[in-house]
Amino acid sequence: MRKRQENMVVLYFARNQVEPYVEIVTVKDSKRSMSPCNSVESEPESEYQETEDALPVLKHESQLLDDYHLQKLAAHMPPKSQCYPWQLVYSTAIHGTSLRTLYRNMAGLDSPVLLVIKDMHKKVFGAFCSDPLRVSKYFYGTGETFLFSFSPDFQHYRWSGENSYFVSGNWESLQIGGGGGCFALWLDADLYHGASFSCPTFHNAPLSTHEDFTVLDVEVWTVPI
């Protein structure tokens, strides 16, 4: 049997065959293919460590997220979020600037969503929401909801447990987090004006470099789990 090259992975030995079936795997490909959805119950620790760097697969091209953003976000999301491709359900670049359209595009969905915002100062921030964004009379969501920002270093803010003001939406605005008269994230009906303040729900710092900001782009991704 010939000596196996270092960049080859043996998939199986065919019966009565001397040579194994091999596949050449590059480092970049392995990061995207390794997944917590693997059906093997137990794996060596070194292989598990590699999955931490696995990047989610986007079914559509993102104007706001690059590999660095995806790696940081995926590390704080439910592990199964990497099992299926993320789908773009709303983008201001495609669908225009309308909160009403954002709600309409998510009608009938039953999966978490990732809200990503870029402001006029080119800062990227947003929220992972346990439920699709919708019009609601009361706040909804679970403690899986969290906030994030890249300004430029990655920061994330999990549920503090102080209250359950996760997400609330109406036709005039979208609010995430609350308490004390402040929202962690607020967007108007035209998805043009926004605001971000510290609030008890997440004990967060303002997500943008300015508490009141102007929106440049918005994307919402469904994250099947």
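Counting from 1, residues in each chain are numbered in the order their sequence is written. Confidence filtering applies because this is a predicted model: local features only for residues at pLDDT of at least 70, side-chain atom pairs given and counted only at 80 or more, and all residues used for totals across whole chains, interfaces and linings. Here the side-chain values reflect all heavy atoms present in the structure, with hydrogen atoms and water set aside.

Colleague: Help me understand the pairing of strand β5 (residues 124-129) in this model?
Modeller: Consecutive side chains along a regular strand alternate between the two faces of the sheet. A simple rule labels every residue: compare its accessible area, found with a 1.4 Å probe on the protein chains alone, to the largest value its type can have, and call it buried under 20%, exposed over 50%, or partly exposed in between. Think of it this way: any DSSP run of H or I at least four residues long counts as a helix, any run of E at least two long counts as a strand, and we number them from the N terminus. The buried fraction of β5 is high, at six of six residues. Side chains Val124, Gly126 and Phe128 of β5 all project onto a buried face; the interleaved residues Phe125, Ala127 and Cys129 project onto the opposite face, where all are buried too. Being paired, for any two strands, means DSSP has found at least two bridges between them. Both strand β4 (residues 113-119) and β5 contribute to a ladder of six bridges, which runs antiparallel. From the neighbouring strand, Ile117 faces β5, where its bridge partner is Phe125. Counting the residues between successive antiparallel strands, the hairpin from β4 to β5 contains four residues, one of them, Lys122, with a positive phi of roughly 65°. Sheet analysis places β5 next to strand β6 (residues 146-150), joined by five bridges and oriented antiparallel. Each bridged residue has a counterpart across the sheet, and for Ala127 the counterpart in β6 is Leu147.

Colleague: I'm lost on the side chain of Thr201 in this one. Help?
Modeller: By the element assignment, Thr201 lies in the loop between β11 (193-195) and β12 (212-222). Given the relative accessible area of 0%, Thr201 is considered buried. Contacts are residue-level and defined by heavy atoms, with any inter-residue pair within 4.5 Å sufficient. If near-sequence neighbours (up to four positions away) are discounted, Thr201 is found in contact with Arg158, Trp159, Ser160, Gly161, Asn163, Tyr165, Phe166, Gly177 and Gly178.

Colleague: Help me understand the packing of aromatic side chains in this model?
Modeller: Pairing of aromatic rings covers Phe, Tyr and the six-membered ring of Trp, with a centre-to-centre limit of 6.5 Å; geometry is then stacked below 30 degrees between planes, edge-to-face above 60, and tilted otherwise. If you walk through the whole model with that rule in mind, you get eight aromatic pairs. Between the aromatic rings of Tyr103 and Trp171, the centroid separation amounts to 5.8 Å while the plane-to-plane angle is 75°, which identifies the pairing as edge-to-face. Here Tyr103, found in helix α5 (residues 99-105), pairs with Trp171, found in the loop between β8 (167-169) and β9 (173-176); they are 68 residues apart in sequence, far enough to count as distant. A relative accessible area of 6% places Tyr103 in the buried class. An aromatic cluster of at least three residues, connected via ring pairs, comprises Tyr68, Phe148, Phe150 and Phe154. As a reminder, the over-ring test applies to NZ of lysine and CZ of arginine, requiring each to be within 6 Å of the ring centre and within 35 degrees of the ring normal. In this structure, Arg100 packs its charged tip against the face of Trp171, placed 4.3 Å from the ring centre. In this structure, Arg134 packs its charged tip against the face of Tyr140, placed 3.9 Å from the ring centre.

Colleague: I tried to follow the nonpolar core on my own but got confused; where do I start?
Modeller: For soluble globular proteins, nonpolar side chains are generally found buried alongside one another. Formed by 31 residues in total, the largest nonpolar core has its most connected members in Leu102, Leu115, Ile117, Leu133, Ile176 and Val220. At the level of elements, β3 (87-91), α5, β4, β5, β9, β10 (185-188) and β12 are the ones that each hand at least two residues to this core. When residues of this core are assigned to their parent elements, the largest contribution, four residues, is made by β12. To qualify as a nonpolar core, a set must consist of buried Ala, Val, Leu, Ile, Met, Phe, Trp, Tyr and Cys residues joined through side-chain atoms within 4.5 Å.

Colleague: Sorry if this is basic, but what is going on with the environment of Leu109 here?
Modeller: Along the chain, Leu109 turns up in the loop between α5 and β4. In the structure, Leu109 is positioned 23 residues away from Pro132 in sequence and 6.5 Å away in space, judged by C-alpha atoms. Those residues in contact with Leu109 that sit more than four places away from it in its chain are Val89, Pro132 and Thr222.

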